[in-house]
Number of protein chains: 2
Amino acid sequence: MAGSATSFVEDTLRLHRDQMASVLARYLPDREPRRWLYDLVATYPSRIGKGIRSGLCVAACRAFGGSTQEAMPSAAAIELLHNAFMVHDDVEDGSLSRRGLPTLHLQHGVALAVNAGDGLAVVGLTPLRENVKVIGSVMSERVLDEFQMLLHRTIEGQAIELGWRSENVMHLTPDDYLNMVLLKTCSYSTIFPLRIGALIGSWGSADLGALTRFGFHLGAAFQIRDDLLNLEGRTEKYGKEILGDLYEGKRSLMIIHLLSVVDDRERQWLNAFLSASRAERSDGQVRKTLEMMREHGSIEFARAFSQGVSAAAREAFNLAFEGLPASDDLRFIEELIPYMLDRDL
Amino acid sequence: MAGSATSFVEDTLRLHRDQMASVLARYLPDREPRRWLYDLVATYPSRIGKGIRSGLCVAACRAFGGSTQEAMPSAAAIELLHNAFMVHDDVEDGSLSRRGLPTLHLQHGVALAVNAGDGLAVVGLTPLRENVKVIGSVMSERVLDEFQMLLHRTIEGQAIELGWRSENVMHLTPDDYLNMVLLKTCSYSTIFPLRIGALIGSWGSADLGALTRFGFHLGAAFQIRDDLLNLEGRTEKYGKEILGDLYEGKRSLMIIHLLSVVDDRERQWLNAFLSASRAERSDGQVRKTLEMMREHGSIEFARAFSQGVSAAAREAFNLAFEGLPASDDLRFIEELIPYMLDRDL
């Protein structure tokens, strides 16, 4: 049964991905300068992603009675802005791989990559402007309100995460982590895709606060799974560098747990490890940190924590979608909850 | 007389700058996270700029019969997006100083600076959305069309300039330079500030093509002067690193001229100089390149070229503003033409 639920989610994600791929192709400029700009702009969108974000937006719209077509420009904008954000995020983190291939700045240098990220964001404005023709000007304005909030929060969350690393902040709690994830990951991965889809589908009558709560728990489970996959995933599925978070000194839930349980000597060692630059962190140190996480139960803690988050997501799901007729879209959204705990890509 | 014309332009720029400073203060978010985001977002806007861009937008609007108030959200968006672009431009170029102080990435690192640049762009959306209340939805949509073009062209021009450097392109003509400047500098410094102001002020009746032509010549004169000031300006006025363009390997009009007149031996030397990284370029090499420019008349060439461009700007001015009643705004725009040739900040 679990197997068939997973395959239903994966089949549905594939449908959303395929549909989005052909939609995105329409928005990506097919003109000069290709070599230094629009080829780079198209790089991440052409690599196969998960399809969760646009899938959630379209499914929420349809679950609330709207059509695919009404959600599509907004879903496309979410994908494009997400891709723009990934390009800059990879530069900011010094990441090496994305969706199974080298990051854009490794391929073309930081300068052209930062500019291409800006280009992707600008391309993302096109579908947002087309919304007027599809859902009218009043609803378009409300969708733009949502996008402004999405963008502000994502950038605020990113600032907090980068700030922690740049100042080597050591005293963090799981609540600090959840607050950062709420802003950074959940905003663009779950909360606003859901809110925007539901807003359009319900023609403004959906309880967006309830969707925010559901999106928060769903997105937190997604992010914790991402942190875990970074430690233990398989490269060919995960698409990012395994252990990359440790090389980058990222404040994952496991690191936060580890720092809260180690003794003074270990803490001192971790402090030195985390305050070093990426280039200074050796393979041996990364391995040692992973071993410490295993010994101290940090990985088990994150797993258990994500199960708690997942249970909260289930409660929130019931409230957010109460009274809606059964549909494949609703089933997809609901089955994403356990999927977030077990996904391996 | 020349002195009084210059002081009229400078006085007018100061008025525009002061007005814009208080407008921008309203848009810059006064909330957390300050230390890692909104303090950085406010950094460049709080340094005193030239005021040319927002000044042109407001003056063009009023010259065509509109009000300051109608132009203000668009002028504010231009300033904010310009500041966003500067933050990323400084990262991309590896620049050291901006408006007389260290660049944002030197102060806070590349990661937080790139994110703050994104933050500035997002803040720039707020005034654009307010346009609906000030100039109505139809005109707002037309203004958004202009902003989309502005953003695409700026990023395209930047890609070309960065691409020249990243691949060490040596065979460039003044036409290549003008095409790049048309996209990169002119779009956001002159062409679209003028077009957007005129569009609003004339309620859509202005000949925007004529304004593009004027803006192109005015902006090219502005950029060539900027290139010259980078070689010969005074740090305290200019605000950027003197000779920074040479350290960065930028394809200025002088470098393009120099490459076209040197002998094979010199060309080989310049090729090595330009293909090196910034860190590899020594003070002595930069001095030698400057000396070669002086010997080969590259600086004189750029000065003469900019005078030709300036004459074209005068012709284009007459066509673009034909039949409008005399006003201080029109005088300001007209006197910007000679000012561009002589400005020292």
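Residues numbered from 1 in each chain as written. Chains lettered and ligands numbered in written order. Predicted model: local features only at pLDDT ≥ 70, side-chain atom pairs only at ≥ 80, totals over all residues.

## Digging into the interface of chain A and chain B
Okay, step 1: Taken together, the contacts link 31 residues of chain A with 31 residues of chain B.
Okay, step 2: Broken down by secondary-structure element, the contributors of at least two residues to the side of chain A that touches chain B are α2 (34-41), α5 (68-93) and α7 (110-166) of chain A.
Okay, step 3: Among the elements that take part in the side of chain A that touches chain B, α7 of chain A stands out by supplying 23 residues, more than any other.
Okay, step 4: A per-class count over the side of chain A that touches chain B returns 16 nonpolar, ten polar and five charged. (Contact = placed C-beta atoms within 7 Å. Helix = DSSP H or I, 4+ residues; strand = E, 2+ residues; numbered from the N terminus. Nonpolar A, V, L, I, M, F, W, Y, C, P; charged D, E, K, R; others polar.)

## Considerations on the packing of helix α15 (residues 298-320) of chain B against helix α16 (residues 328-342) of chain B
All names here are of chain B.
Okay, step 1: The contact between α15 and α16 brings their axes to 10 Å, and the two run at 175 degrees. Accordingly, the angle class assigned to the pair α15 and α16 is roughly antiparallel. Along the contact surface, α15 presents Ser-306, Gln-307, Ser-310, Ala-313, Arg-314 and Phe-317, while α16 presents Glu-334, Ile-337, Met-340 and Leu-341.
Okay, step 2: Split by residue class, the contact of α15 with α16 holds five nonpolar, three polar and two charged. (Axes fitted to C-alpha atoms, helices over the stretch in contact; angles between N-to-C directions. Parallel < 35°, antiparallel > 145°, perpendicular 65-115°, else oblique.)

## Details of the nonpolar core
Okay, step 1: In this structure, Ala-60 of chain A together with Ala-60 of chain B are the most contacted members of the largest nonpolar core, which totals 206 residues.
Okay, step 2: When near neighbours in sequence (up to four residues on either side) are disregarded, Ala-60 of chain B contacts Leu-194, Gly-197, Ala-198, Gly-201 and Ile-333 of chain B. (Core = buried A, V, L, I, M, F, W, Y, C linked by C-beta atoms within 7 Å. Buried ≥ 20, exposed ≤ 12 C-beta atoms within 10 Å, placed from the backbone.)

## Section: helix α8 (residues 174-201) of chain B
Residue and element names in this part refer to chain B.
Okay, step 1: Taking 1.5 Å of rise per residue, the 28 residues of α8 would be expected to cover 40 Å, yet its terminal C-alpha atoms sit only 35 Å apart, more than 12% below that figure.
Okay, step 2: Along its length, α8 reaches its greatest deviation from straightness, about 80 degrees, at Cys-186.
Okay, step 3: Of all 28 residues that make up α8, 23 are buried, and the element is covered over most of its length.
Okay, step 4: Directly beyond the C-terminal end of α8, a positive phi value near 50 degrees is found at Trp-203. (Expected span 1.5 Å × (residues − 1). Bend = angle between axes of the 7 residues up to and from the residue.)

## Here we look at the relation of the copies chain A and chain B
Okay, step 1: The transformation that overlays chain A on chain B combines an axial shift of 0.0 Å with a rotation of 180 degrees, and the residual RMSD is 0.0 Å. This pairing of chains is accounted for by a two-fold axis.
Okay, step 2: Of the interface residues in chain A, 100% have counterparts in chain B that sit at the interface too, so the contact is made through matching surfaces. (Least-squares fit on C-alpha atoms with pLDDT ≥ 70 in both.)

## Structural notes on α5 of chain A
Along an α-helix, residues three or four positions apart point the same way, because every turn accommodates 3.6 residues.
Okay, step 1: Taking 1.5 Å as the rise per residue, α5 of chain A with 26 residues should run 38 Å; its terminal C-alpha atoms sit 35 Å apart, in good agreement.
Okay, step 2: Phi turns positive one or two residues past the end of α5 of chain A, at Gly-94 of chain A, with a value near 65 degrees.

## Some words on the environment of Asn-131 of chain A
Residues and elements named next belong to chain A.
Okay, step 1: Take Asn-131: it is sitting in helix α7.
Okay, step 2: The buried category is assigned to Asn-131, around which 23 C-beta atoms lie within 10 Å.
Okay, step 3: What Asn-131 contacts, discounting residues up to four positions off in sequence, is Pro-73, Ser-74, Ser-140 and Val-143.

## Side note on the packing of helix α5 (residues 68-93) of chain B against α8 of chain B
Residues and elements named next belong to chain B.
Okay, step 1: Axis separation between α5 and α8 bottoms out at 10 Å; the angle between their running directions is 165 degrees. Accordingly, the angle class assigned to the pair α5 and α8 is roughly antiparallel. Crossing of α5 against α8: the hand is right-handed. Mapping the contact onto sequence places Glu-70, Ala-71, Ser-74, Ile-78, Leu-81, His-82 and Phe-85 in α5 and Tyr-188, Pro-193, Ile-196, Gly-197 and Ile-200 in α8.
Okay, step 2: Looking at the contact of α5 with α8 residue by residue, the class counts come to eight nonpolar, three polar and one charged. (Left-handed = near helix turned anticlockwise from the far one by under 90°.)

## Notes on unusual backbone geometry
Residues and elements named next belong to chain A.
Okay, step 1: Residue Glu-32 is joined to Pro-33 through a cis peptide bond whose omega torsion reads -5 degrees.
Okay, step 2: Tracing the backbone through its elements, the reader meets Pro-33 in the loop between α1 (2-27) and α2.
Okay, step 3: One non-glycine residue, Arg-99, lies in positive phi territory at about 50 degrees.
Okay, step 4: You can see Arg-99 is positioned in the loop between β1 (97-98) and β2 (101-102).
Okay, step 5: At Asn-168, a residue that is not glycine, the phi angle is positive and equals roughly 50 degrees.
Okay, step 6: Here Asn-168 shows up in the loop between α7 and α8 (174-201).

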